[in-house]
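# Observations on the three-dimensional arrangement
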Amino acid sequence: MNTPVDNVAEALRALGATGGIHTFAETVPTAAAAAEVLGCEVGAIANSLIFSADGRPLLVVTSGAHRVDTRVVARLLGVGKVRRADPEFVLAATGQEVGGVAPVGHPRPIRTLIDTWLDEHEVVWAGAGDHNHMYPTTYAELLRMTGGQAADVEA
């Protein structure tokens, strides 16, 4: 049986990703922890956050320097309510646990928004399926690999 990291690695290969998965000795469950280990700005960390948009999974890949404004996202998508998903909802939608969710490698496609602020960084780091793995990518590659929509997700 594949692990979440195996699923992400398989998806990255299939999607022609330019960066490989890096393994960290210590966990990096937050953007601040990841930025410290990587020696980069927290804004260069691509947080993959799962929300429930009128009951359907929504992936928002946002800069680690931002907080998602769910009212802004709801208006953008034309849905009634967007709320942060609980850990069970996240696991069911992605096959990955909160804190290690990757933008790819999910059991089914998930509607995705990509924070335009990530385009400010030449390299961004995304989770790779658990708390000990990440991979380098670019804003353009995130858009391409996820089929996501560029969006300003903060107020």
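Residues numbered from 1 in each chain as written. Predicted model: local features only at pLDDT ≥ 70, side-chain atom pairs only at ≥ 80, totals over all residues. Heavy atoms only, no water.

## Notes on the UniProt feature "domain: YbaK/aminoacyl-tRNA synthetase-associated" (unreviewed entry) in the chain
Rules: UniProt positions are given in the numbering used here, feature names are shortened, and annotations may be inferred rather than shown by experiment. Counting from the N terminus, the helices are DSSP H or I runs at least four residues long and the strands are E runs at least two residues long.
Following the UniProt record, one finds the feature "domain: YbaK/aminoacyl-tRNA synthetase-associated" (unreviewed entry) at residues 26-144. Spanning residues 26-144, this segment combines 25% helix with 29% strand, and its end C-alpha atoms are found 30 Å apart.

## Thoughts on the nonpolar core
Nonpolar side chains tend to gather and get buried jointly when the protein is soluble and globular. For the record, the criterion: Within this scheme, the nonpolar core is defined by two criteria: the residues are buried Ala, Val, Leu, Ile, Met, Phe, Trp, Tyr or Cys, and they are joined through side-chain atoms within 4.5 Å. Relative accessibility decides the category of a residue: with a 1.4 Å probe and only protein chains considered, values under 20% of the type maximum give buried, values over 50% give exposed, and everything between is partly exposed. What makes two residues a contact is simply this: any of their non-hydrogen atoms within 4.5 Å.
In terms of nonpolar packing, the biggest core is built from 23 residues, with Val8, Ile50, Val61, Val104, Leu118, Tyr135 and Leu142 touching the most fellow members. The contacts of Leu142, once residues within four sequence positions are left out, are Ala46, Val61, Pro103, Ile114, Leu118, Val124, Tyr135, Thr137 and Gly147. Core analysis: the second largest hydrophobic core is formed by 14 residues, Val60, Val73, Leu77 and Val79 among them.

## Brief notes about the pairing of strand β6 (residues 124-127)
Put simply, the rule reads: Should DSSP find at least two bridges between two strands, the strands are regarded as paired.
Judged from the two bridges that link them, strand β2 (residues 45-53) and β6 form a sheet pairing that is parallel. Paired with Ala46 across the bridge in β6 is Ala126. Judged from the four bridges that link them, β6 and strand β7 (residues 133-137) form a sheet pairing that is antiparallel. Along β7, the bridge assignment pairs Gly127 with Met134. The turn joining β6 and β7, which pair antiparallel and follow one another in sequence, is formed by five residues; a positive phi near 110° is taken by Gly129.

## Overview of the layout of surface pockets
Our working rule: Both cavities and pockets are sets of points on a 1 Å grid over the protein atoms alone; in a cavity a 1.4 Å probe fits but cannot get out, in a pocket the set is open with protein on both sides within 12 Å along at least five of seven lines, and lining residues sit with an atom within 4 Å of a point. Grid points are joined across faces, edges and corners, and a volume is the space filled by probe spheres set on the points.
Size it by volume and the largest pocket reaches roughly 570 Å³. What lines the largest pocket is a set of 32 residues, and nearest its centre among them are Pro29, Asn47, Ser48, Leu49 and Arg84. Mapped onto the lining of the largest pocket, the elements with two or more residues apiece are α2 (31-38), β2, β4 (82-84), β6 and β7. When residues in the lining of the largest pocket are grouped by element, the largest group, seven residues, is from β2. Space inside the second largest pocket adds up to approximately 180 Å³. Lining the second largest pocket are Ala53, Arg56, Pro57, Leu58, Leu77, Val79, Ala93, Arg108, Pro109, Ile110 and Arg111. By residue number, the principal contributor to the lining of the second largest pocket is strand β3 (residues 56-63), which donates three residues.

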